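# Understanding the architecture of this molecule
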Amino acid sequence: MAVGKGWEGVVLKLMRGKDFTFTVTAVEEVTEHFRRIRFTDGGLLAAAGESLHPTMWVRVWFEGGARPHQRAYTLVDPDPQTGTFAFEFALHDGLASRWARTARPGDTLDATVQGTGFKAPVPQPQRLLVIGDPASLPAINSLLDAYPSTPATIWFETQHDSDARLPLRADAARHEIRRVPRGGSALAERVRAELPGLVGPDPDSAYVWLACDTATTRSLTAYLRKDLALPKERVNSLGYWRAA
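A brief structural summary. In this text, all values refer to a predicted model and were calculated from it rather than measured experimentally.

Conventions adopted
Residues numbered from 1 in each chain as written. Predicted model: local features only at pLDDT ≥ 70, side-chain atom pairs only at ≥ 80, totals over all residues. Heavy atoms only, no water. Helix = DSSP H or I, 4+ residues; strand = E, 2+ residues; numbered from the N terminus. Buried < 20%, exposed > 50% of the residue type's maximum accessible area, 1.4 Å probe, protein only. Contact = heavy atoms within 4.5 Å. Core = buried A, V, L, I, M, F, W, Y, C linked by side-chain atoms within 4.5 Å. Pairing = 2+ DSSP bridges. Axes fitted to C-alpha atoms, helices over the stretch in contact; angles between N-to-C directions.

Look at the link from Val122 to Pro123: it is a cis peptide, with omega at 0°. Mapped onto the elements, Pro123 comes out in the loop between strand S7 (108-113) and strand S8 (127-132). Of note, Thr55 is a non-glycine position whose phi angle comes to about 65°, a positive value. If you trace the backbone, Thr55 turns up in the loop between helix H2 (44-48) and strand S3 (57-64). We classify Thr55 as buried; its relative accessible area is 7%. We note that Ala229 has phi near 55°; this positive angle belongs to a residue other than glycine. By secondary structure assignment, the location of Ala229 is in the loop between helix H7 (214-227) and strand S12 (235-237).

So this is what it looks like as structure tokens:
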């Protein structure tokens, strides 16, 4: 796959990335701004074996200009028994969204598995503190699935009215969703105002998982580590996208 994929493909090959081809089996429009596409895995899940983990993502190649470009997507409901999974696309103006809008059963995508990882917090947290948006919804759901009995507070940034219908796998008995309309630094301000009261006196009691736009992710990660002095192993953060 490195051939024709520029320096990104060459680097991934040198880092021993493994290549797979996914085939579309079904397309579901969750909202007008959010689409779920189901695939057969081309052998990915069998190859992953015990390394399959919550929030697992792969690098997917989309055509654009003179060569393909890679974007990262989280595996949704991976099923090693059937060799199937889904991707969920928060639709906007971009290569991946343009592909997702027109995808049909039988279409294929090339992917490279390299770089994903998840280190389970030890000791297991008494509460999950989760910060994200529609782009990170698949990872958020996989995290909630991995800790089904752990209470969670979720700050979820929204952009469209239809985002209220997105399938957050939240249980009202254990999960509190705090929706934050997108705008400037609104998400970061809400988290700074509300999260400290939920951490508790023991820094190991909570686990913060954070994935939104790169600028907000960096700002909040610095705040959590420096201002709140949370141990690095209790904060997992990743910038998912860059604001235009």
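Turning our eyes to something else, we now look at the environment of His175. Within the element layout of this structure, His175 appears in strand S10 (residues 175-181). Considering only alpha carbons, one finds His175 and Ser136, 39 residues apart in sequence, at a separation of 17 Å. With residues up to four places along the chain from it excluded, the contact list for His175 reads Leu144, Thr150, Ala152, Ile154, Arg169 and Ala170.

Within the largest apolar cluster, 26 residues are counted, with the highest numbers of intra-cluster contacts made by Phe22, Phe39, Val58, Phe62, Phe87, Phe89 and Trp99. In terms of residues, this core owes the most to one element, helix H3 (residues 95-102), which gives 4 residues. Apart from the residues within four sequence positions on either side, Phe39 is in contact with Phe22, Thr23, Val24, Thr25, Gly83, Thr84, Phe85, Ala86, Phe87, Trp99 and Leu109. Phe118, Val130, Leu137 and Ala139 belong to the second-largest nonpolar core, a separate cluster that totals 19 residues.

Sheets are built from strands that pair by backbone hydrogen bonding, the pairs being arranged parallel or antiparallel. Read across the open sheet, the 7 strands follow the order S4-S3-S7-S1-S2-S6-S5; overall the sheet is antiparallel. Looking along the sheet, the strands with just one partner apiece sit at the ends: strand S4 (67-74) and strand S5 (76-79). Mean inter-strand twist for the sheet, computed between neighbouring axes without regard to direction, equals 35°. In this sheet, S7 lies alongside S3 in antiparallel orientation, the contact comprising 2 bridges. Each residue of the ladder has a partner; that of Arg59, found in S7, is Thr112. Across the sheet, H3 is in contact with strand S1 (18-31), strand S2 (34-40), S3, S4, strand S6 (84-90) and S7; its angle to S2 comes to roughly 75°.

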